[in-house]
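Here are the chains, one letter per residue:
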Amino acid sequence: MTNTPASPGTATDDQDATAEEVAGVEVGERRISIPGMTEEGENLAAETNSASDHSHGGVGESEKKPLTSGVGSRANRHTGFDLADFPEPKGREEEWRFTPIKKLAGVLSDAASDADAVEQQVSAPDAVTVSSLAEGAAPRHSVLQPADRAAVVAVKNAGEALHVSVPADAEIDEPVRVQITGQDAARRENSHIVLETGVNSKAVFVLEHRGTAQFNGNVETIVGEGADVRVISLQRWEDDAVHVGQHDAEVGKDASYKHVAVSLGGAVIRLNTNFRYAAEGAEAEMYGLYFADSGQHIEHRTFVDHNSPRNTSNVLYKGALQGESARTVWVGDVLIRAEAEGTDSYEKNQNLILTDGARADSVPNLEIETGVIEGAGHASSTGRFDENHLFYLMARGIPEREARQLVVRGFLHEIIQTIGVDSIEESLAEDLENELEIAGF
Amino acid sequence: MSTLEIKDLHVSIETEQGSKEILKGVSLTINSGEIHAIMGPNGSGKSTLASTIAGHPRYEVTSGSITLDGEDVLAMSVDERARAGVFLAMQYPVEVPGVTMTNFLRTAKTAIDGEAPKLRTWSKEVREAMEQLKIDADFANRNVNEGFSGGEKKRVEILQLELFKPRFAVLDETDSGLDIDALRVVSEGVNRAQETNEMGTMLITHYTRILNYIKPHTVHVFVDGQVAEQGGPELADELEANGYDRFLAAVSA
Ligand SMILES: Nc1ncnc2c1ncn2[C@@H]1O[C@H](COP(=O)(O)OP(=O)(O)O)[C@@H](O)[C@H]1O
Ligand SMILES: [Mg+2]
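Residues numbered from 1 in each chain as written. Chains lettered and ligands numbered in written order. Predicted model: local features only at pLDDT ≥ 70, side-chain atom pairs only at ≥ 80, totals over all residues. Heavy atoms only, no water.

Visitor: Give me the lowdown on the overall build of chain A, citing residues and values where you can.
Guide: Scanning chain A from N- to C-terminus turns up six helices and 20 strands. Across the 441 residues that make up chain A, the buried fraction comes to 59%. Intrachain contacts of chain A at a sequence separation of at least 6 include 85% that bridge at least 24 residues. Surface exposure of chain A reaches about 15900 Å², of which carbon and sulfur atoms provide 46%. (Helix = DSSP H or I, 4+ residues; strand = E, 2+ residues; numbered from the N terminus. Buried < 20%, exposed > 50% of the residue type's maximum accessible area, 1.4 Å probe, protein only. Contact = heavy atoms within 4.5 Å. Areas by Shrake-Rupley, 256 points an atom, 1.4 Å probe, with all protein chains shown as cover.)

Visitor: Account for the pairing of strand β4 (residues 59-68) of chain B, naming residues and giving values.
Guide: Residues and elements named next belong to chain B. For strand β1 (residues 3-15) and β4, the ladder comprises eight bridges, and the chain directions are antiparallel. Across the sheet, the residue bridging to K7 is S65, located in β4. Two elements, β4 and strand β5 (residues 71-72), share two bridges in a ladder whose sense is antiparallel. Residue pairing across strands places L68 opposite E71, the latter belonging to β5. Connecting β4 to the next strand, β5, in antiparallel fashion are two residues, including D69 with a positive phi near 50°. (Pairing = 2+ DSSP bridges.)

Visitor: Summarise the nonpolar core; cite the residues concerned and give the values.
Guide: Across soluble globular proteins, nonpolar side chains have a tendency to be buried as a group. In terms of nonpolar packing, the biggest core is built from 118 residues, with L49 and M202 of chain B touching the most fellow members. No other element matches helix α5 (residues 400-419) of chain A, which puts nine residues into this core. Those residues within four positions of M202 of chain B in sequence are excluded, and the remaining contacts are I6, L28, I30, H36, I38, L49, I53, A169, V170 and L171 of chain B. Counting 55 residues, the second-largest nonpolar core is a separate cluster that includes I180, A255, I269 and Y277 of chain A. (Core = buried A, V, L, I, M, F, W, Y, C linked by side-chain atoms within 4.5 Å.)

Visitor: Which residues make up the site of ligand 1, and what values go with them?
Guide: All names here are of chain B. Taken together, 13 residues surround ligand 1, and among them I22, G43, K46, S47 and T48 come closest. Within the backbone of S44, one N or O atom sits 3.3 Å away from an oxygen atom of ligand 1. Between ligand 1 and T48, the relevant distance is 2.5 Å, taken from an oxygen atom to a side-chain nitrogen or oxygen of the residue. Compared with its free state, where it exposes 560 Å², ligand 1 has 67% of that area covered by protein. In terms of residue count, the dominant contributor to the shell around ligand 1 is helix α1 (residues 46-54) (three residues). Along the lines of polarity and charge, the residues of the shell around ligand 1 split into four nonpolar, six polar and three charged. (Near = heavy atom within 4 Å. Polar contact = N/O pair within 3.5 Å; in protein donor to acceptor, adjacent residues only side chain to side chain. Nonpolar A, V, L, I, M, F, W, Y, C, P; charged D, E, K, R; others polar.)

Visitor: Outline the coordination of the magnesium ion (ligand 2), supporting the account with residue identities and numerical values.
Guide: Residue and element names in this part refer to chain B. Binding of the magnesium ion (ligand 2) to the protein goes through S47 (OG) and Q91 (OE1), at separations of 2.1 to 2.2 Å. Of the two residues, S47 sits in helix α1 while Q91 sits in the loop between β6 (86-89) and α3 (101-113), which places them 44 residues apart along the sequence. When its relative accessible area of 24% is taken as the criterion, S47 is described as partly exposed. By relative accessible area, which is 16% here, Q91 ends up buried. (Donors = N, O, S within 2.8 Å, 3.2 Å for Na, K, Ca; no water.)

Visitor: For the packing of helix α4 (residues 387-394) of chain A against α5 of chain A, give the residues involved together with the corresponding values.
Guide: All names here are of chain A. At a minimum axis separation of 9 Å, α4 and α5 run at an interaxial angle of 115°. One way to sum up the angle between α4 and α5 is to call them roughly perpendicular. As for the relative orientation of α4 and α5, their crossing is right-handed in sense. Of the residues in α5, those touching α4 at L390, L393 and M394 are E400, A403, R404, L406 and V407. Here the contact of α4 with α5 is composed, by residue class, of six nonpolar, no polar and two charged. (Axes fitted to C-alpha atoms, helices over the stretch in contact; angles between N-to-C directions. Parallel < 35°, antiparallel > 145°, perpendicular 65-115°, else oblique. Left-handed = near helix turned anticlockwise from the far one by under 90°.)

Next up, the structure:
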């Protein structure tokens, strides 16, 4: 009914940020307030383009290191394969400050996989090669660069990796499905998957996680030149599962890449999804949908590395939360490096809080090291479905439960639509109805 | 012929200082086809009356009754009241994130009628109603009330009034915030609904301006949570000339 400025529990994390400048472009707090939603964000296209006349002061020749929201530059974040470089997190570190570290003990330790922790089934059309890769065998680790403790312990302990390869020019209509089913909430699994796609190929990979386990899984995707690749990662775990993982992709010249993460079930989920480019002319997107109930912690961190010129990126994550202790986190890093002229980039996160007590953190970090870009924008909003929304819909004859479903379905539909595999879209729609039922709506 | 009857209604709200009585014994009967204007100064409790009829949870009825053809409205949930044929055009319509107007209108119509409207005729009906109210066609794809101006929100309330065809409508300051063209368009919508559906109407307003377009049968002057006086349309003329002073003086005396 009226503006809902961040009340405790709906706080977006960068609310207190003051105006900041990145390469002379103001990217700090400039909030647009829409009744019923709080929104912050801006689009920097106009500013950065006009900024090339130096009137904004030193664009493209910044002396100080560009920073956003007080966070160290993503360009300087350590990545590598040496476990010793990644001490066990205490919880204060920038990358871990939102995460319930204690609950991750089972996946952050330097430990081998337990026997029969998961069952893994792969189904793929004939044209696709399914094999395995020993440690050190190419192209393993050609794309994935462990960026935190979780990723590096999985890399070290994963053993054989699953290797799925789509040859050049192959157009695979049926999705390649990797079904990972956890067998026991106490068993640890370190997993590594390499998805490789040839020049001008077309493929959809569906990674589906069910059952329960202490699961630490890395995925690296090689997107061939001119290829059209979708990776759909479904987290449909049981209530006591823990899942951490890093999904990296390198997107080839003129290729198109889409990563969709759907996180519904599991006690703690923390996924880092990242991509960078091999050359120019590519279009890459990351979408996410999450629905957290009481007791769940669902965290997604996205990193778009514009490391070469004239590429496009788009990130959209949407989450719904219900129940006392439902907790979600989205941290979206975008780094437009000095060499990435002609970049067009946008990222957005929207959360819908359905009941009191739930908390969504949303932190967009945008770093721009060149003024010569097409556009760069970010937005973040957290809306609350409150008694006034409910009253309005019910006053039009719509029963309470249907009213809540209407709002949630409408809100999340945009992401489900991006999946493009009918059977999955339908079963996810069903899952969402069940999520609402669980809370008694 | 239907009757909406309000008898000796007392309503309180919870405030930080405790419970506060807003409505202090309101009695009012509206029959099908009648238009009752409720006129009163700001803060007199007009919206409280409207919201209580619709069943907003914030308002607590401490005594009195509301019945619709003898049925106890206060025992019904908010959605049941709407399905029974009571419609509230809100003073401040709520923005609903994530739900498009198209989806919302179809869902509500289905709930109210108990069956889904025929797709083809329904789309046409919506389109025509929007045209008549001068609502841009692309509003159908926007989220309910999201980013609509005050005037646009009011038009969309009347759009629903026309599409849902309630037996009784409570219009809470539908006229406020409208320019003269919008006021005419919106008034025409109310008059159409009135004529086609034999609707009973409670027209809540602060100003007499809208009464140039919608002719009330009865005018109730509402002061301090009560009906201070009722009469014919001429009572509105007196308010136009002299304001609420006479009634306010009576209350504070
Ligand atoms: N939610 C609320 N919290 C506190 N006071 C309220 C609330 N709603 C209404 N009131 C008070 O009740 C009285 C009547 O308000 P309202 O019904 O909105 O009057 P009107 O519509 O005639 O302007 C006013 O004094 C108003 O301040
Ligand atoms: Mg009012």
